[in-house]
Amino acid sequence: MFSATVRADGSSNFARGNRWGVFPSFSAGWVMTNEPFMEDVTNWMDFLKIRASWGQNGNSDIANFQYLSTIAFDQSYVFGTDKITQSTGAYADILPNEDISWETSEQLDLGIDARFFNSRLGLAFDYYNKKTKDWLVQAPVPLIYGTGAPYINGGDIENKGFEVALNWNDMIRDFNYGINFNLAYNKNEVTRIANTEGIIHGPSDVLTYGITEIYRAQVGYPIGYFWGYKTAGVFQNEEQVAATEAKLSTAAPGELIFVDTNGDGAITEDDKTMIGDPNPDYRLGFSLNLGYKGWDFSVTTNGAFGQQVVKSYRQYLGEPKQNFTTEIYECWNGEGTSNRLPKLEGMETSDSWKNFSDIFVEDASYLKVQNITLGYDFKKLFL
């Protein structure tokens, strides 16, 4: 089996010369169990197909007219001595990018489909490598530019991994059952950023006011990874503070011990590193179906593993009337009371709370029972 397509798409979101994208694809498959040399295995293998595909598709889903310096009429101004009457003003609201063009997703897939033992056992396996090229992203610009940032073709991203699905269905007299299991593994990595630094920085003040960026896109790392300080506990006493070479000038009992990751003997911005990844390594699903005469029962579960999330103990550090989460009871309040969370006293100015670190990052793996169903077909009573 073989098929091939070529698709051409045009979008007025891009300037003339960049409006058209051409995206080819092909797929091929071979049902090996149809071949004479496979006859010896047909007593236990009912079906075997190998397949491969490669293709591209495009993305133009951005705001209109990014290649022009558009004018916005959404600001009001007061002129002269009259401080009540407002006039509507106009301004250039984005920097133009005449070179903006299509984002392209290119994917290679190799797979196997098979059935065994009178089709009671089914198997599907796929290996994939998906590359997103010329990623459309709104890159941050300095406020000194005085206007908004346009979308750019900001870099390349790669996702690769595998997916496997197994199912078993059988019947024993009046009892039938089915088991389905699927597992997917994915590795995400940014392979190119279209600037000299190789980084697209995240915004500040996300977790709370005064905290710098907590996530970023960077070459060689998963997209959106969490960036901050690793910690090695809490200073318990003055002797421990004095014995630690790499520390902040505000280091004191009850404050966090930040890790000197680059080994230069000081705690600086250069010690910040990857402290979490919001992208799961594995996803899985499992379902069980049982049936006996008129009764049926099913359970469906799903899960994701290997990802982290950021939590906030309090929305704004400088707001005394806001509540904390109950985990704040685990803060340090004297030698030996805690080796994970710093002291609460003075948190509005404390470097332990103002600097983003792994105390704000926690495991987000989960396994969830999504649905449980028990039913009975009442028409069985009358047949």
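Preceding this paragraph is the structure being described.
Procedures and definitions
Residues numbered from 1 in each chain as written. Predicted model: local features only at pLDDT ≥ 70, side-chain atom pairs only at ≥ 80, totals over all residues. Heavy atoms only, no water. Core = buried A, V, L, I, M, F, W, Y, C linked by side-chain atoms within 4.5 Å. Buried < 20%, exposed > 50% of the residue type's maximum accessible area, 1.4 Å probe, protein only. Contact = heavy atoms within 4.5 Å. Pairing = 2+ DSSP bridges. Helix = DSSP H or I, 4+ residues; strand = E, 2+ residues; numbered from the N terminus. Axes fitted to C-alpha atoms, helices over the stretch in contact; angles between N-to-C directions. Phe/Tyr/Trp six-rings, centres within 6.5 Å; stacked < 30°, edge-to-face > 60°. Lys NZ or Arg CZ within 6 Å of the ring centre and 35° of its normal. Polar contact = N/O pair within 3.5 Å; in protein donor to acceptor, adjacent residues only side chain to side chain.

Asks: Go over the nonpolar core with me, naming the residues and quoting the values.
Replies: Among the nonpolar cores identified, the biggest contains 22 residues, and Leu207, Tyr313, Trp353, Phe356, Ile359 and Phe360 are the most heavily contacted of them. The contacts of isoleucine 359, once residues within four sequence positions are left out, are Thr231, Leu256, Tyr313, Arg340, Leu341, Pro342, Ser352 and Trp353. Membership of the second largest hydrophobic core comes to 8 residues, among which are Ile62, Tyr67, Trp102 and Leu136.

Asks: Would you mind going over the sheet that holds strand E13 (residues 215–218) in detail, with residue names and values included?
Replies: Spatially, E12-E13-E14-E17 is the arrangement adopted by the 4 strands of the open sheet, whose pairing is antiparallel. With partners counted over all chains shown, the strands left at the sheet margins are strand E12 (199–201) and strand E17 (273–276), one partner each. Taking each pair of neighbouring strands and ignoring which way they run, the sheet shows an average axis angle of 50°.

Asks: Quick one: what's the story with the packing of aromatic side chains, residue by residue and with numbers?
Replies: Considering all chains together, one arrives at 19 aromatic pairs under this definition. Consider the rings of tyrosine 185 and tyrosine 282, whose centres lie 5.1 Å apart with planes at 45°: the pair is tilted. Remark: tyrosine 282 occurs in strand E18 (residues 282–292) and tyrosine 185 occurs in strand E11 (residues 175–193); sequence separation between them is 97 residues. Ring centres 4.7 Å apart and planes at 20° place the aromatic pair tyrosine 221 and tyrosine 225 in the stacked group. Taken together, the ring pairs connect Phe125, Phe162, Tyr185 and Tyr282 into an aromatic cluster. Directly above the ring of tryptophan 227 sits arginine 216, whose terminal nitrogen or CZ lies 3.7 Å from the centroid.

Asks: Residues and numbers for the environment of alanine 28, please.
Replies: For alanine 28, the location among the structural elements is in strand E2 (residues 20–31). Placed 215 residues apart in sequence, alanine 28 and alanine 243 show a C-alpha to C-alpha distance of 66 Å. If we ignore the near neighbours within four places in the chain, the residues touching alanine 28 are Met1, Phe2, Ile50, Arg51 and Ala52.

Asks: I'd like a description of the side chain of asparagine 13, backed by residues and values.
Replies: Tracing the chain through its elements places asparagine 13 in the loop between strand E1 (2–10) and E2. At 3.4 Å, the side chain of asparagine 13 forms a polar contact with the backbone oxygen of isoleucine 62. Those residues in contact with asparagine 13, other than ones at most four positions away along the chain, are Ser60, Ile62, Ala63, Asn64, Phe65, Gln66, Tyr67 and Ile100.

Distances and angles like these do not, on their own, reveal function.
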